[in-house]
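Here is how the chains run, residue by residue.
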Amino acid sequence: VVSGSKDADFAYTLACYMADNGLLDFTNWLSERTNNVGKAAVTLQSIVFLTRTYNKAKLRSTAQGDGDSVKLVLSWENLASMLRMLTMVDNETMSQVIPNTDTTLGSQGKIILERCLQMYPNIATLTNSSSSNNANSPPNQPDEIEEAANAYFQKIYASEESAREVVEMLKRFKTSGSSRENDIFACMIHNLFDEYRFFSKYPEKELRITGILFGLLIKEQLVSSITLGIALRYVLEALRKPPNQSPQSGKMFRFGMFALEQFKERLHEWPQYCSHIVQIGHLREGYAALVGEIETAMDDNQSAGSVSTAPTAPTGASGITESSVGSVLGGEISVPSSSMGGFVSSTTGSVGSAPLGGLGKIELPPPKPKKAVFGPGLGRAVNAPAEQNETQNEAPPDQILDRVQFLINNLSISNCAEKANDLRDILERRYFPWLGNYLVVKRISTQPNFHTMYLCFIDSLGEYGKGLVDAIIASVYVNVGKLLRSQKITTSTSERSLLKNLGSWLGQITLARNRPILQIMLDCKELLFQGYETGMLIAVTPFVAKILEGAKNSNVFRPPNPWLMGLMGVFRALYNVDDLKMNIKFEVEVLCKNLNLKLEDISLRNVDLSKRVPPVKEKNPDFNLKSQSAAAPAAALSPDKTSSGASTGGDSAKSDDEPQQTVIPNLAAYVQVNPNLTQLFEQVQGGPLSTHITLDLLKRSVPIAVDNAIREIIQPVVERSVSIACITSKAIVTKDFAMEGDENKMQKAAQLMVANLAGSLALVTC
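Described below are features of the structure shown in this document. This is a predicted model, so every value here is computed, not measured.

### Points about the overall build of the chain
Then, in step 1: Counting its secondary structure elements, the chain contains 40 helices and 0 strands.
Then, in step 2: For the chain, buried positions account for 43% of its 766 residues.
Then, in step 3: Taking contacts inside the chain between residues at least 6 apart in sequence as the whole, the part at least 24 apart equals 73%.

Here is the structure:
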């Protein structure tokens, strides 16, 4: 009778009352009424009924506890059922025009849904909960569900279960077919959101746990659609609280930081949300690194302004649009198109005809210039969490450890097979992570001349050594990441040498054996680009070049492999960059020679390089800016400059006769130029340039070129030599002068030793 009643208002009121008293299932009743009167009619009747009663809705258990169950017109549970039904209506039905009006069902339904969600934000958890409960199963008692939910929270705060374990449990509950587990999931989400207003009163331990749990819910996509928008708004509100204003404000800020740390990997999905975060002043001051990561995430996506004005906003994996997030944050609830079907018009993603509270749209700040940041997008090797890199591998007992180290010390090309058999008898496979790390840190990174021997030894292990190969590669990635993140990598020749050795080994154990270097582990192309942007080419170029050298012995990765040639195109583009240091260009030339490639035959990738952030060349270790004195010989060798100099007469001659300041005083006296070189230029050039290259010009230019070469090589050599000499002298002098009472004598002896030792080391190195 209720399902077929022509009086819609009476039918809905009676059905809600019966559902609140356990006499019928409201969701099933809506389905029956749809079958009786039609989908479009039920949709219109639901919209009209909600428009009249939505502002009087109460939680069913609350009304029963207050004795108002008779007066209750609409309960939250029935409201959620109708909203859930409306979100499932197809586009064709929603596009129908309401009789005697010029509006559609979709536009009116969208308005009422937004109003309901604005008045009752937590209703979204009930709306998103599973509606596929078994109708034949006995209804769950609210008190029982509440107790079960509270019991799980108590386990978290009592450290009986971690937040991650509870999140995994909630994943199972959300997708479970059990109505009880679905209700527990919805109740836990509802309670957590409802507790937000009390977070400022939580103790520190409970606050941290709650923040981590809140962030994990967002990261693992346990909240979606409108619920996700509310969760993100809560985090943003907490981050906006000044941390030093009051204890309560500081707690809310820390909650926001705990939560943000968990789901920051998903921030790239919401550029508009990122724009709100980076505008928080105290966050930029105290957490510049985090803000830098977020700005990088913004740069990697389309601008937030284009997202907010696009005809159709793309939806993420969680089912929420970027425009929806922006509207939620601005105080305006927008409905994601993926969950609303026909509610969202194909030509607009904004709120319908009735604005909520007169709140306007969000005005985004103008896009900021890109900043060069080293790290994001380079792969797990560089961006792996610190705790993962610091994992302690299980070491074997001391007796076995000594035997293994003795075996490695006595390893040679001739006895690899014998030592491999000995290792099988000594070491269990579970100790391979320790052995792999030992070989990488103590042997491979410092002994490039023995790489071939270690490869032969690994090959001799056969099937037994497969796990060792994986352990070695994993350790190489970890140590490569440590070196690339080191602050000294651009100034320390020893660290760059270790990185270069690891690159050589990585190429031999992967590319040379037809094994790829996955982009998810190490993105070599992006590594070169970011090295160019941040002044790290001096370390990155030899590393990547050594990796690619392994391709010369590969059947898969040798030229013209597209992956390899793409990287070579980047190398050639970098080679042509003005003022790039000669030692970086030399690495490119050596790589081309090893791969039997000609530099001029490699396709350029200047377009890709032009899209990157231009580096600042001043005080950049990758560039050698030419001084005026260095530019003089180049100007003299130019035909245009020479002819113009001849026409000006005395001025040019005066500039040529000026003495040049060189590292070695009177360097020109030690440089002898063969007179036959002028004839050689005439034979080779055969053009107008040859007529202007005279013996006097060469005598002036060659010393300056030699001086430039000395300046370029002497700085790293001197730094390395002085560093070694200081360390050595300190150890020796403090021991020899331990009983010396005169401090000046010890200081003078140390200075003399450092000076002589550093000079000798520099002489040997050069």
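### Here's the deal with the nonpolar core
Then, in step 1: Ranked by internal contacts, the top residues of the largest apolar core, which has 83 residues, are Ile-472 and Leu-522.
Then, in step 2: The element contributing the most residues to this core is helix H27 (residues 466-485), with 10 residues.
Then, in step 3: In terms of nonpolar packing, the next biggest core, distinct from the first, is built from 58 residues, Ile-156, Phe-185, Cys-187 and Leu-217 among them.

### Overview of helix H7 (residues 105-119)
Then, in step 1: In this model, H7 (15 residues) spans 21 Å end to end at C-alpha, consistent with the 21 Å of a helix rising 1.5 Å per residue.
Then, in step 2: Every buried residue belonging to H7 is among Leu-105, Gly-106, Gly-109, Lys-110, Ile-111, Ile-112, Leu-113, Glu-114, Cys-116 and Leu-117, and all of these are buried.

### Section: the side chain of Ser-275
Then, in step 1: Looking at the element boundaries, Ser-275 is found in helix H15 (residues 271-278).
Then, in step 2: Owing to a relative accessible area of 4%, Ser-275 belongs among the buried residues under this scheme.
Then, in step 3: Within the structure, Ser-275 has its side chain in polar contact with the backbone oxygen of Gln-272 (distance 2.5 Å).

### Some words on unusual backbone geometry
Then, in step 1: Following Pro-559, the chain continues into Pro-560 via a peptide bond in cis, with omega recorded as 10°.
Then, in step 2: Of note, Ser-159 is a non-glycine position whose phi angle comes to about 65°, a positive value.
Then, in step 3: One can find Ser-159 in the loop between helix H9 (142-157) and helix H10 (163-175).
Then, in step 4: With a phi close to 60°, Asn-514 is a non-glycine residue in the positive phi region.
Then, in step 5: The topology assignment puts Asn-514 in the loop between helix H28 (493-509) and helix H29 (524-534).
Then, in step 6: Taking relative accessible area as the criterion, Asn-514 reaches 33% and is therefore assigned partly exposed.

### So, the environment of Thr-51
Then, in step 1: Examined against the element boundaries, Thr-51 turns out to sit in helix H3 (residues 39-53).
Then, in step 2: Of the residues examined, Thr-51 reaches a relative accessible area of 43% and is grouped as partly exposed.
Then, in step 3: Along the sequence, Thr-51 and Ile-112 sit 61 residues apart, while their C-alpha atoms lie 6.5 Å from each other.
Then, in step 4: A polar contact is formed between the side chain of Thr-51 and the backbone oxygen of Ile-47, at a distance of 2.7 Å.

### Quick look at the packing of H27 against H28
Then, in step 1: Here H27 crosses H28 at 150°, and the two axes come no closer than 10 Å. Relative to H28, H27 is oriented roughly antiparallel. Crossing of H27 over H28 shows left-handed handedness. For the pair formed by H27 and H28, the contact residues are Val-469, Ile-472, Ile-473, Val-476, Tyr-477, Asn-479, Val-480, Leu-483 and Leu-484 on the first element and Glu-495, Leu-498, Leu-499, Leu-502, Trp-505, Leu-506 and Ile-509 on the second.
Then, in step 2: Across the contact of H27 with H28, the residue classes tally to 14 nonpolar, 1 polar and 1 charged.

### Some details on the packing of aromatic side chains
Then, in step 1: Counting across every chain of the model gives 19 aromatic pairs.
Then, in step 2: Judged by centre distance (4.1 Å) and plane angle (5°), the rings of Tyr-196 and Tyr-234 are stacked. Of the two residues, Tyr-196 sits in the loop between helix H11 (179-194) and helix H12 (204-219) while Tyr-234 sits in helix H13 (residues 225-239), which places them 38 residues apart along the sequence.
Then, in step 3: Tyr-196 gets classed as buried once you look at its relative accessible area, which sits at 11%.
Then, in step 4: Against the face of Tyr-575 rests Lys-585, its NZ or CZ located 5.4 Å from the ring centre.

### Topic: the environment of Val-616
Then, in step 1: Take Val-616: it is sitting in the loop between helix H33 (606-610) and helix H34 (628-637).
Then, in step 2: The class for Val-616 is exposed, based on a relative accessible area of 58%.
Then, in step 3: Residues Val-616 and Thr-534, spaced 82 residues apart in sequence, show a C-alpha to C-alpha distance of 8.3 Å.

### Let's talk about the pattern of salt bridges
Then, in step 1: Applying the stated criterion across every chain yields a total of 20 salt bridges.
Then, in step 2: When the shortest N-O distance is used, the salt bridge between Glu-168 and Lys-171 registers 3.6 Å. With Glu-168 and Lys-171 both in helix H10 and 3 residues apart, this pair spans about one turn of that helix.
Then, in step 3: Take Glu-168: its relative accessible area is 39%, and that puts it in the partly exposed class.

### Some points on the packing of helix H24 (residues 416-426) against helix H26 (residues 451-460)
Then, in step 1: Interaxial distance between H24 and H26 falls to 8 Å at its minimum, and their mutual angle equals 55°. The angle between the axes of H24 and H26 places the two elements in the oblique class. In the crossing of H24 with H26, the sense of the turn from one axis to the other is right-handed. Here H24 contributes Cys-416, Ala-417, Lys-419, Ala-420, Leu-423 and Arg-424 to the contact with H26, which in turn contributes Met-453, Cys-456, Phe-457 and Ser-460.
Then, in step 2: Partitioning the contact of H24 with H26 into residue classes produces 7 nonpolar, 1 polar and 2 charged.

### Describing the side chain of Ser-475
Then, in step 1: Tracing the sequence through the fold places Ser-475 in helix H27.
Then, in step 2: Classification of Ser-475 by relative accessible area gives buried; the value is 8%.
Then, in step 3: A polar atom in the side chain of Ser-475 sits 3.1 Å from the side chain of Asn-437.
Then, in step 4: Once residues lying within four places of it in the same chain are set aside, the contact partners of Ser-475 are Gly-436, Asn-437 and Val-440.

### Concerning helix H32 (residues 582-594)
Residues that lie three or four places apart on an α-helix share one face, since the helix turns once every 3.6 residues.
Then, in step 1: Here H32 contains 13 residues, and its C-alpha end-to-end distance of 18 Å stays within 8% of the 18 Å for a straight helix at 1.5 Å per residue.
Then, in step 2: Listed as buried for H32 are Ile-584, Lys-585, Glu-587, Val-588, Leu-591 and Cys-592. Looking straight down H32, one finds that the buried residues subtend no more than 150° of arc, so they occupy a single side. Facing away from the buried side of H32 by over 90 degrees, the exposed positions are Met-582, Phe-586 and Lys-593.
Then, in step 3: Buried residues along H32 sit against H28, helix H30 (537-549) and helix H31 (562-575).

The rules behind these values
- Residues numbered from 1 in each chain as written.
- Predicted model: local features only at pLDDT ≥ 70, side-chain atom pairs only at ≥ 80, totals over all residues.
- Heavy atoms only, no water.
- Helix = DSSP H or I, 4+ residues; strand = E, 2+ residues; numbered from the N terminus.
- Buried < 20%, exposed > 50% of the residue type's maximum accessible area, 1.4 Å probe, protein only.
- Contact = heavy atoms within 4.5 Å.
- Core = buried A, V, L, I, M, F, W, Y, C linked by side-chain atoms within 4.5 Å.
- Expected span 1.5 Å × (residues − 1).
- Polar contact = N/O pair within 3.5 Å; in protein donor to acceptor, adjacent residues only side chain to side chain.
- Axes fitted to C-alpha atoms, helices over the stretch in contact; angles between N-to-C directions.
- Parallel < 35°, antiparallel > 145°, perpendicular 65-115°, else oblique.
- Left-handed = near helix turned anticlockwise from the far one by under 90°.
- Nonpolar A, V, L, I, M, F, W, Y, C, P; charged D, E, K, R; others polar.
- Phe/Tyr/Trp six-rings, centres within 6.5 Å; stacked < 30°, edge-to-face > 60°.
- Lys NZ or Arg CZ within 6 Å of the ring centre and 35° of its normal.
- Salt bridge = Lys/Arg side-chain N within 4 Å of Asp/Glu carboxyl O.
- Arc of directions from axis to C-beta.

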